[in-house]
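Commentary on secondary and tertiary structure
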Amino acid sequence: MTSTTPPVRPSGAPAAGPAERAAALDAADPLTRFREEFVPSADVVAYLDGNSLGRPTRASVERLARFATEQWASRLIRGWDESWYELPLAIGDRIGETALGAAPGQTFVGDSTTVILYKLVRGALDARPGRTEIVVDTGNFPTDRFVLQGIAAERGATLRWLSPDPDAGVTTDQVADAVGPETALVVLSHVAYRSGYLADAEPITRVAHDAGALVLWDLCHSAGAVPVTLDAWDVDLAAGCTYKYLNGGPGSPAFGYVRADLQAALTQPIQGWMGSDAPFEMGPEYAPHTGVRRFLSGTPAVVGMLAMQDMLDLLDEAGNVAGSDAVRDKSVRLTGFALDLVDELLVPLGVRVASPRDPARRGSHVTIDHAAFERVIPRLWAQGVVPDFRRPDGLRLGLSPLSTSFAEVQVGVEAIRATLLDETASP
Ligand SMILES: *Cc1c(COP(=O)(O)O)cnc(C)c1O
């Protein structure tokens, strides 16, 4: 058990406590005013799950209501011609510009990440005839692994599994050792969903290309929180969620990216009218659209694409007022502060940090492990402290740069400490 007396500085003056430090960090935060742009939740005192479901912006609540009356009710079917039809590509371009470092014409919105993964992986395999292996890692998100297992069975491909350190993630050397003349595709997460490890996307992409393989990056835990420059990294394919750090709301459709010069050589298996070359010709045969539209399938989820636009506005505004590095800087400071508090308040109780300590190797969440966390989590949620739980015993603290305050981190870690102490006290 640790002492309850506050740590003492060499000068003899008592060090500031966690709450004072959090207040000082919030006061110095150039993005602090953006927190006002999100709708508060009546009973939540620390929302630490912005990596799983971003909070709604105030603007989105208004936009959704306005859409129902001004667009759906009044424009009716005319809305398709006026703007809805183009929305998957128009918003795709916006996501590309704001969050992916992607020039226009390469990003689309539609389906879930799972379905986009399926479409792009199938397309990539067909574009590398004679190559039979897909490189993937055991730490990747379940849906990524499951989709790949399904495709491998369907197409007779082989999955070559990398086994990264679970507290970190896939290294360039591991990929270099795994790729070869059989490799069609490498599928990895840029930020590992459990550890928060930030992979070295550019060199990994390069070693895959050197072997003649394509690369697909899953950006679910990256877009909106960590710098991504797909064009500069020469990435082939990417996919990612919009309901996490892009605050699109529960089940908002995902984005996909296909590099411009690859599009003509890549087709996808869910051949629907919305991805055809002339959707309203109602012709007898499918021919894929010449542009990135070919990766769409059916009627776009227009309502699901509304809210993410407001988060894109806020991310642009944050960059304009505080500099292009401001969002990443805040993310690094939030996760750094969380780790400082974890070391101070939770490690002495037997909690283990399961995320990279090097900020350059970390996304915007940190995971901590303790055998009692499965019992702690419902008690935290009941107090309005909301991280999430990842098996076997991980608590994930997801810190969304524009909506999370340092005070929330402090309130959250102190609540975890109090609840853990109570949960592990002998009866
Ligand atoms: C959240 C997440 C998903 C979720 O995919 P859905 O199709 O939206 O359910 C997929 N991959 C990764 C890496 C994720 O973090």
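Just so it is clear, the structure is predicted and the values come from calculations on it, not from any experiment. (Residues numbered from 1 in each chain as written. Predicted model: local features only at pLDDT ≥ 70, side-chain atom pairs only at ≥ 80, totals over all residues. Heavy atoms only, no water.)

When pLDDT is averaged along the protein chain, the result is 96, and 96% of the positions lie at 70 or above. The low-confidence segment residues 1–6 (pLDDT under 50) makes three contacts with residues lying over four places distant or belonging to another chain. (pLDDT = per-residue confidence, 0-100. Contact = heavy atoms within 4.5 Å.)

For the rest of this paragraph, the subject is the nonpolar core. Judged by nonpolar contacts, the single largest core of 57 residues is most densely connected at Ile 95, Leu 100, Trp 217, Leu 230 and Leu 402. For this core, the element with the highest residue contribution is helix H10 (residues 307–322), accounting for six residues. Taken domain by domain, this core gets at least three of its residues from each of domain 1 (18–57 + 324–425) and domain 2 (60–306). If we skip the residues at most four places from it in the chain, Leu 230 touches Leu 100, Gly 101, Leu 219, Val 235, Ala 238 and Tyr 257. Membership of the second largest hydrophobic core comes to 32 residues, among which are Phe 337, Leu 339, Val 353 and Ile 368. (Core = buried A, V, L, I, M, F, W, Y, C linked by side-chain atoms within 4.5 Å. Buried < 20%, exposed > 50% of the residue type's maximum accessible area, 1.4 Å probe, protein only. Helix = DSSP H or I, 4+ residues; strand = E, 2+ residues; numbered from the N terminus. Domains from an automatic or database assignment.)

Summed over all chains, the structure comprises 31 salt bridges. Among the salt bridges present, the one from Asp 261 reaches Arg 259, with a minimum N-O distance of 2.6 Å. Using a relative accessible area of 13% as the deciding quantity, one classes Arg 259 as buried. Each of Asp 167, Arg 194, Arg 352, Asp 369 and Asp 393 takes part in one network of salt bridges that share partners. (Salt bridge = Lys/Arg side-chain N within 4 Å of Asp/Glu carboxyl O.)

So, on to the site of the ligand. Every one of the 13 residues lining the ligand counts as a neighbour, but Thr 114, Asp 218, His 221, Tyr 243 and Lys 244 are closest to it. Here Thr 113 contributes a backbone N or O atom positioned 3.4 Å from an oxygen atom of the ligand. Here an oxygen atom of the ligand and a side-chain polar atom of His 221 are 2.9 Å apart. Starting from 390 Å² of accessible surface for the ligand in isolation, the protein chains cover 87%. Those elements that provide at least two residues to the shell around the ligand are helix H5 (113–126) and helix H6 (142–155). (Near = heavy atom within 4 Å. Polar contact = N/O pair within 3.5 Å; in protein donor to acceptor, adjacent residues only side chain to side chain. Areas by Shrake-Rupley, 256 points an atom, 1.4 Å probe, with all protein chains shown as cover.)

The next subject is the domain arrangement of the protein chain. With domains assigned, the protein chain is organised as domain 1 (18–57 + 324–425) and domain 2 (60–306). Its C-alpha centre places domain 1 at a distance of 29 Å from the equivalent point of domain 2. Contacts between the two partners involve 35 residues from domain 1 and, on the opposite side, 25 residues from domain 2. Counting each side, the surface lost to burial between domain 1 and domain 2 is near 2,100 Å², with a carbon and sulfur contribution of 47%. Of all residues in domain 1, the largest losses of buried area upon contact with domain 2 belong to Thr 57, Arg 361 and His 365, amounting jointly to 25% of the total for that side. Residues Asp 393 and Arg 194 are paired through a salt bridge, measuring 4.0 Å at the closest nitrogen-oxygen approach. (Buried area = accessible area lost by both parts, 1.4 Å probe.)

A separate point is the environment of Asp 329. Its place among the elements puts Asp 329 in helix H11 (residues 326–346). Sequence-wise, Asp 329 and Pro 401 are 72 residues apart; in three dimensions their C-alpha atoms are separated by 8.7 Å.

This next bit is on the sheet that holds strand S13 (residues 394–398). Strand order in the open sheet formed by four strands is S9-S10-S13-S12, with antiparallel pairing between adjacent strands. Each edge of the open sheet is held by one strand with a lone partner, namely strand S9 (352–353) and strand S12 (388–390). Pairing geometry for S9 and strand S10 (residues 365–369), over two bridges, is antiparallel. Looking across to S10, one finds that Val 353 is bridged to Ile 368. (Pairing = 2+ DSSP bridges.)

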